[in-house]
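Given next are the chains, with one letter for each unit.
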Amino acid sequence: QLVESGGGLVQAGDSLRLSCAESERTFRGYAMGWFRQAPGKEREFVAAISWRGGTTYYADSVKGRFTISRDNAKNTLYLQMNSLKPEDTALYYCATTPSHYGGSYSSNYDYWGQGTQVTVSS
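Residues numbered from 1 in each chain as written. Predicted model: local features only at pLDDT ≥ 70, side-chain atom pairs only at ≥ 80, totals over all residues. Heavy atoms only, no water.

Q: Outline the sheet that holds strand 8 (residues 76-81), listing residues and values.
A: Strand order across the open sheet formed by four strands is 1-3-8-7, with antiparallel pairing between neighbours. One side of each edge strand has no neighbouring strand; the edge strands of this open sheet are strand 1 (2-5) and strand 7 (66-71). The average undirected angle you get between the axes of adjacent strands in this sheet is 15°. For strand 3 (residues 16-22) and strand 8, the ladder comprises six bridges, and the chain directions are antiparallel. (Pairing = 2+ DSSP bridges. Helix = DSSP H or I, 4+ residues; strand = E, 2+ residues; numbered from the N terminus. Axes fitted to C-alpha atoms, helices over the stretch in contact; angles between N-to-C directions.)

Q: Give a description of the pattern of salt bridges that names residues and reports values.
A: Per the stated rule, a full pass over the model turns up four salt bridges. One salt bridge in this structure joins Asp88 and Arg36, with 2.9 Å as the shortest N-O distance. Here Asp88, found in the loop between strand 8 and strand 9 (90-97), pairs with Arg36, found in strand 4 (residues 31-37); they are 52 residues apart in sequence, far enough to count as distant. Given the relative accessible area of 1%, Asp88 is considered buried. The class of Arg36 is buried, set by a relative accessible area of 5%. (Salt bridge = Lys/Arg side-chain N within 4 Å of Asp/Glu carboxyl O. Buried < 20%, exposed > 50% of the residue type's maximum accessible area, 1.4 Å probe, protein only.)

Function cannot be read off these values alone, since they describe shape.
Here is the structure:
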């Protein structure tokens, strides 16, 4: 079971670190990603990381502000979010796929968490 945490209400320019923990199976061998969905909008890709952590990929909208990382020993995925903007407001989901690298398409991922809300006020 994937469980996200770390969301909250912050002001523009603040930082947050999201976590995604897996309690039932190992992260080893699974690529992971972060996606988000704002009210009235489709789910969109945020960041992806290969199962060893050596390859990362970001949406242009978050590049240079967000950092994805993972700790396989702790079965935990992270998303460090800096310089937050009001347009980052969304429900953030983590997801896994049993492959080396999942990329930016949500259809590549088969296991999803319930999400954690991030709200950025201006």
